[in-house]
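Take a look at the letters that make up each chain.
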Amino acid sequence: MTAAPSTTVPSTTTPADGAPVVARAHAKINLALRVGAARPDGYHPLVSVFEAIDLAETVTAHPRPAGTPLTCAVAEDSPYGAGLGTGADNLLVRAGEAVAAAMRAHGREPGSAHLVVRKEIPVAAGLAGGSADAVAALLACDALWGAGLGREDLHELARGLGADVPFALDGGVAIGVDRGDRLTAVVPAPGTAHHWVLAVSGRGLSTPAVFRHLDARGDAPATPAAADDLAAALRGSGGPCHPVDLAPLLVNDLTEPALDLRPDLGDTFAAAERAGALATLLCGSGPTIAALCLDRPHAESVASVLRGAEVASDVLVVRGPVTGAALV
Ligand code: C5P
């Protein structure tokens, strides 16, 4: 276990006995998602440019006596997550167990917890809501039990929980390679703010199913394409990248496989374009579609047209980039 607390993750302290601990972690959009053909382990090599957006999961860790099972629940006032499984395979529980295992590996006895998530991120939407749950649970349990995990430890645990989980820890903008989980931060030019409208589908789309369909199509290159132009544009030279210049650089190689599985998404793309979006983009493996806008008023107007088009179960206006996960 590294002793030094992270520079980006707030230092962990042991709360007063009985006090719950609260942590928040954000959703993401992939500004670029370049995908190569499946590796022998089934994962796909990626070049992914992530941007954290201002939709967040809030996880409250309530202390429970050591030795009792870790449990989780979805808060009743959650906008999303009704009917979500809360068994031992839930990422909240798996994240808590990962912190407990890390403590035991160092001869320390963890406590237990009941983890309650308020889900603001749609489920199975391509926005990494499950990854945000996992990261918020890592931070909350770390603080609740005084584990004192450092940044490296948290990253390692995050990587073990899923390919998108390390980015949920870091936030901001980053390029991920390998499974998408080896991250290099991209520091956008000062003043960078992207305004998006998210068209959320009433039905989720399975990430493994979309990747399997990409394999079945057989058109993925051995190594994913680069995203250097996008990263350079985001870093800017003499000011933030204008959304009009960003628009043609947005790309997602999972778009065609997702459209094969969900042809109805074609109507959503078309409606977002008709509504005046600068560009449209599938979020991760879908089915959420993001519409890039000029500014907040433009996003509000695109959202209002999209709501009227009735092509999405929910239409949300969001902004990126935002910071990584943190205790509240
Ligand atoms: O890592 P995580 O469990 O979040 O990934 C979910 C699924 O997405 C994997 O089981 C795999 O089918 C697919 N995936 C992939 N290649 C990646 C990331 C995810 O094939 N780089």
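Residues numbered from 1 in each chain as written. Predicted model: local features only at pLDDT ≥ 70, side-chain atom pairs only at ≥ 80, totals over all residues. Heavy atoms only, no water.

1. So, the site of the ligand
- Every residue close to the ligand is listed here: G42, Y43, H44, L46, G162, A163, R179, T207, P208 and F211.
- Within the side chain of H44, one N or O atom sits 2.6 Å away from an oxygen atom of the ligand.
- Residue A163 places a main-chain N or O atom 2.8 Å away from an oxygen atom belonging to the ligand.
- For the shell around the ligand, the element with the highest residue contribution is helix 5 (residues 207-217), accounting for three residues.
- For the shell around the ligand, a count of residues per class yields five nonpolar, four polar and one charged. (Near = heavy atom within 4 Å. Polar contact = N/O pair within 3.5 Å; in protein donor to acceptor, adjacent residues only side chain to side chain. Helix = DSSP H or I, 4+ residues; strand = E, 2+ residues; numbered from the N terminus. Nonpolar A, V, L, I, M, F, W, Y, C, P; charged D, E, K, R; others polar.)

2. Regarding the packing of helix 2 (residues 129-144) against helix 3 (residues 151-161)
- The contact between helix 2 and helix 3 brings their axes to 10 Å, and the two run at 145°. Between helix 2 and helix 3 lies a crossing whose hand is right-handed. Mapping the contact onto sequence places A134, L138 and L139 in helix 2 and L154, L157, A158 and L161 in helix 3.
- Grouping the constituent residues of the contact of helix 2 with helix 3 by class yields seven nonpolar, no polar and no charged. (Axes fitted to C-alpha atoms, helices over the stretch in contact; angles between N-to-C directions. Left-handed = near helix turned anticlockwise from the far one by under 90°. Contact = heavy atoms within 4.5 Å.)

3. A few points about the sheet that holds strand 10 (residues 289-293)
- The strand order across the open sheet formed by four strands is 9-10-7-11, and the pairing between neighbours is antiparallel. Across the chains shown, the open sheet's two edge strands, defined by having one partner strand only, are strand 9 (279-282) and strand 11 (314-320). Mean inter-strand twist for the sheet, computed between neighbouring axes without regard to direction, equals 25°.
- Here strand 9 runs beside strand 10; their pairing, made up of four bridges, is antiparallel. In the sheet register, L282 faces strand 10, and the bridge partner there is I289.
- The sheet contacts of helix 9 (residues 265-274) involve strand 7 (194-200), strand 9 and strand 10, and relative to strand 9 the element is tilted by about 155°.
- Relative to the sheet, helix 10 (residues 296-309) contacts strand 7, strand 10 and strand 11, its axis offset from that of strand 7 by approximately 15°. (Pairing = 2+ DSSP bridges.)

4. Considerations on the pairing of strand 4 (residues 112-118)
- Of all seven residues in strand 4, six are buried, a share of seventy percent or more.
- Relative to strand 4, strand 2 (residues 46-64) runs antiparallel, the two sharing seven bridges. The partner of P63 across the bridge, within strand 4, is A113.
- In this structure, strand 3 (residues 71-74) lies alongside strand 4, joined through four bridges in parallel fashion. Paired with A73 across the strands is V116, a residue of strand 4.
- This β-α-β element, strand 3 to helix 1 (residues 91-105) to strand 4, shows left-handed connectivity. (Buried < 20%, exposed > 50% of the residue type's maximum accessible area, 1.4 Å probe, protein only. Right-handed = clockwise from strand over helix to strand, strands pointing away.)

5. Examining the nonpolar core
- Counting residues in hydrophobic clusters, the biggest one holds 74 residues, and the most contacted among them are I29, V49, I53, L115, W145, W196 and L198.
- When residues no more than four places from it in sequence are discounted, the contact partners of L198 are I29, I53, L55, L127, C283, T288, I289, A290, D314, V315, L316 and V318.
- In terms of nonpolar packing, the next biggest core, distinct from the first, is built from 27 residues, V197, A272, I289 and A299 among them. (Core = buried A, V, L, I, M, F, W, Y, C linked by side-chain atoms within 4.5 Å.)

6. Side note on the side chain of R262
- You can see R262 is positioned in the loop between helix 8 (255-261) and helix 9.
- Here the side chain of R262 touches R203 through a polar contact of 3.2 Å, landing on its backbone oxygen.
- Look past the residues within four positions of R262 in its chain and what remains in contact with it is S201, R203, G204, L205 and P287.

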